[in-house]
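Examining the three-dimensional arrangement
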Amino acid sequence: MTTTTLETASLDERGRLLHAGDVTAQLALAVTRLEAALAARGHLPAALTGLTVHTTRRAALLDVLDVLTERLSTTGAAPHLDVREVARLTHPGQLLALTATLTPGEDMTTFQTVHSTSAEAATLALRTAAPGCVVLPGEPAYDAARLPWNVAVDQRPAAVASPTTVNEVQAVVRAAAGLGLRVAPQSTGHGAGPLAGRLASSVLLRLDRLTGVEVDAERQVARVVGGTLWSDVVEAAAAHGLTALHGSAPDVAVAGYALSGGLSFYARQHGLASSSVVAVELVDARGELVRASADEHAELFWAVRGGGGAFGVVVALEIALLPVADVVAGMMLWPLERAPEVVRGWLAWTREVPESVTSSLRLMSFPPLPQLPPFLSGRRLVVVDGAVLESDERAAELLAPLRELAPEMDTFVRIPSAGLLAVHMDPPGPTPAVSAHAVLGELDDAAVEALLAEAGPGTTTSLMFAELRQLGGAVARPAAGGGATSHLPGEYAMFCVAVAPVPEAAAAGLADARATVAAMTPWHAGRRVLTFTEEAVDTSTAFDAATWDRLRAVRADVDPAGVFQANHDLL
């Protein structure tokens, strides 16, 4: 009789044991690993005739054995079950391993729960789970499949899966989890930076082929599928005189933005985009499709609205729309030499305007490129842009103090709401970039001087822009029934970005971005906006202590084995 043994221990991509001392998490992972190992060899769970659990903690295991028996029941397996206590297993902290016997006539195969497995088994299981959707390292399509929107980020996952159906998403999750691989959901990869160097034992699950949007005009709700972009949602909503709490770029996906907070040019009046989410459909760590709303899986619903992608693969979400068919919006620009006057004037203006106004100020540097319009190409500028949810007369009144600063260009006018996506002049396609970010409090004259010393007239910064995004208003108030991120403290979100076409430019740009943020340290408010955080950080800095603890508890409940890998993880 032939015996085959897979590698033992629950290891992460760095070879460290996961869930040491947590018998529930190890058992849950053992079951999914066993199913995948069976599938890789062409067997269904029903083929099992015997299953032995070797454990160093028999009493603790018996308390949670229903995790195993319930799963066996749902898969149609009815093996003879035996629990054997042993003094120790292969790895320190490993609490259990499974030995499975197949139907008579089959060889006995020993499966021990692990997080690292052979490339051959992984390849077969993933290919079987989602035929035609999986690309592996070394294959011709791998480099294109792994490339995020921020092309400066070098993602090298164990595999890339690009499902087109929810069933394929479920199959990939089950297969990956069973093989001890993590699953990193991604739509566009705008914020892929934190994943660099962390995907060696992960399946990158791209959702850019799973898209679609339906608008219920009567309810003023849009159902948005998987990796759908804001441009598609805004266009569909505009046909009904509606819009959404979208971001400033048309090619950002709805899910990643909304589930991490989402700061729009309507935010000071209507709050964060995460609070506009009314339901989420996600594939959980078991590969099951779950709907979460205020009435279903309420704690999970709370967590996903602001907690990011650590709870499952979001395959659809429903968002509330706004009855806004048109809006006063645009930009004003000045030569950078006017920055001392304009920055001070804008800051004073932001302290006075009502919540109907949301704006940003950027100190910008444009390279001399022929594809740029002459008013931008090769120039350094101060740009103020945003939206005003008021009548034309009231908007003109509110914008008057900025117009008194005599901008070189002023495009503020009433436009169709869909046109707001173009106002901020975000790059029209994938771009290599590095960045740094902080939330700031009230800014005094010393703060202005500190900012100008880094990115103002006379400086030689490599930054494309240093931005201050106006907060306050509804952004600062906890939303009724809101999720994990329903408001943000602070007065301004700072976002410093440099284009990074080559590694040398990335190093210089990141140094300048960090230096500019560091120069504003006396005015830091101590929190982060996750959608502006494009490097690996301590995720807890985006939340208060109570919210962080609650998020971790939800994560432990819905994904005890740590299958899902978000940009900003909760592990």
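Residues numbered from 1 in each chain as written. Predicted model: local features only at pLDDT ≥ 70, side-chain atom pairs only at ≥ 80, totals over all residues. Heavy atoms only, no water.

Digging into the overall build of the chain
Each helix and strand counted, the chain has 15 helices and 20 strands in total. Computed over its C-alpha atoms, the radius of gyration of the chain comes to 26 Å, within 12% of the 25 Å expected for a compact globule of 571 residues. Seen through its principal axes, the chain has C-alpha atoms that stretch 85 × 55 × 45 Å. Sequence separation of 24 or more characterises 75% of the internal contacts of the chain that already satisfy a separation of 6 or more. For the chain, the exposed area adds up to about 21900 Å²; of that, 55% sits on carbon and sulfur atoms. The chain carries 40 positive and 62 negative side-chain charges, and their two centres are separated by 4 Å. (Helix = DSSP H or I, 4+ residues; strand = E, 2+ residues; numbered from the N terminus. Rg over C-alpha atoms; globule rule 2.2 N^0.38 Å. Contact = heavy atoms within 4.5 Å. Areas by Shrake-Rupley, 256 points an atom, 1.4 Å probe, with all protein chains shown as cover. Lys, Arg positive; Asp, Glu negative; His and termini not counted. Charge placed at Lys NZ, Arg CZ, Asp CG, Glu CD.)

Overview of the sheet that holds strand 6 (residues 182-186)
Overall, mixed pairing links the 4 strands, which are arranged 4-5-7-6 in an open sheet. Only two strands of the sheet have a single partner each, and these edge strands are strand 4 (134-135) and strand 6. Alignment of strand 4 against strand 5 (residues 159-161), held across 2 bridges, turns out to be antiparallel. Opposite V135, over in strand 5, you have V160 as the bridge partner. With respect to the sheet, helix 6 (residues 166-178) is in contact with strand 5, strand 6 and strand 7 (202-206), its orientation differing from that of strand 7 by roughly 170 degrees. (Pairing = 2+ DSSP bridges. Axes fitted to C-alpha atoms, helices over the stretch in contact; angles between N-to-C directions.)

As for the confidence of the model for the chain
The share of residues in the chain with pLDDT of 70 or more is 91%, and the mean pLDDT across the chain is 89. Here residues 1-9 is a poorly scored stretch, pLDDT under 50, and it has 30 contacts once near neighbours within four places are set aside; other chains count. Predicted confidence is poor over residues 104-118, with pLDDT under 50, and the contacts of this stretch with residues over four places away or in other chains come to 66 contacts. (pLDDT = per-residue confidence, 0-100.)

Details of the side chain of T516
The residue T516 is located in helix 14 (residues 503-519) in this model. You can call T516 buried: its relative accessible area is 0%. For T516, the residues in contact, after removing those within four places along its chain, are L451, E454, L463, M494 and C496. (Buried < 20%, exposed > 50% of the residue type's maximum accessible area, 1.4 Å probe, protein only.)

Some points on the pairing of strand 8 (residues 211-216)
As paired strands, strand 8 and strand 9 (residues 221-226) are joined by 6 bridges and run antiparallel to one another. Along strand 9, the bridge assignment pairs T211 with G226.

Quick notes on the packing of aromatic side chains
The final tally for this structure, using the stated rule, is 5 aromatic pairs. Arranged with centres 6.1 Å apart and planes meeting at 65 degrees, the rings of F465 and F495 form a pair that is edge-to-face. Taken together, the residues F465 in strand 19 (residues 465-470) and F495 in strand 20 (residues 492-499) connect sequence positions 30 residues apart. The residues F465 and F495 share a single accessibility class, namely buried. Geometrically, the ring pair formed by F495 and F532 is stacked, given 4.9 Å between the ring centres and 10 degrees between the ring planes. In this pair, F495 sits in strand 20 while F532 sits in the loop between helix 14 and helix 15 (545-558), placing the two residues 37 residues apart along the sequence. Clustering of aromatic rings is evident, with ring pairs tying together F465, F495 and F532. (Phe/Tyr/Trp six-rings, centres within 6.5 Å; stacked < 30°, edge-to-face > 60°.)

A look at the nonpolar core
The tendency in soluble globular proteins is for nonpolar side chains to be buried side by side. Counting residues in hydrophobic clusters, the biggest one holds 54 residues, and the most contacted among them are W230, F311, L317 and I319. Contact partners of L317, with chain neighbours within four places excluded, come to A222, R223, V224, V254, A255, A258, L259, V277, A279 and V280. One finds W346, A450, A513 and M520 within the second-largest nonpolar core, a separate group that totals 47 residues. (Core = buried A, V, L, I, M, F, W, Y, C linked by side-chain atoms within 4.5 Å.)

A short note on unusual backbone geometry
At Q220, a residue that is not glycine, the phi angle is positive and equals roughly 60 degrees. Note on placement: Q220 falls in the loop between strand 8 and strand 9. A residue is classified by how much of its surface remains accessible, and Q220, at 29% relative accessible area, is partly exposed. Here H297, not a glycine, exhibits a phi torsion of approximately 50 degrees, which is positive. Counting through the fold element by element, H297 comes out in the loop between strand 11 (289-293) and helix 10 (298-307).

Looking at the pairing of strand 19
Most of strand 19 is tucked away: 6 of the 6 residues are buried. The alternating pattern of strand 19 places F465, E467 and R469 and A466, L468 and Q470 on opposite faces, both of which are buried. Inspection of the sheet shows strand 14 (residues 357-365) paired to strand 19 by 5 bridges, in the antiparallel sense. From the neighbouring strand, S360 faces strand 19, where its bridge partner is R469. Relative to strand 20, strand 19 is paired through 6 bridges, and the arrangement is antiparallel. Bridging from a neighbouring strand, L468 pairs with M494 of strand 20.

Section: the packing of helix 10 against helix 15
Relative to each other, helix 10 and helix 15 sit at 120 degrees, their axes nearing to 10 Å. Considering their axes alone, helix 10 and helix 15 lie oblique with respect to each other. Here the hand of the crossing between helix 10 and helix 15 comes out left-handed. Residue-level contacts link E299, L300, W302, A303 and G307 of helix 10 to T547, R550, L551, V554 and V558 of helix 15. For the contact of helix 10 with helix 15, a count of residues per class yields 6 nonpolar, 2 polar and 2 charged. (Parallel < 35°, antiparallel > 145°, perpendicular 65-115°, else oblique. Left-handed = near helix turned anticlockwise from the far one by under 90°. Nonpolar A, V, L, I, M, F, W, Y, C, P; charged D, E, K, R; others polar.)

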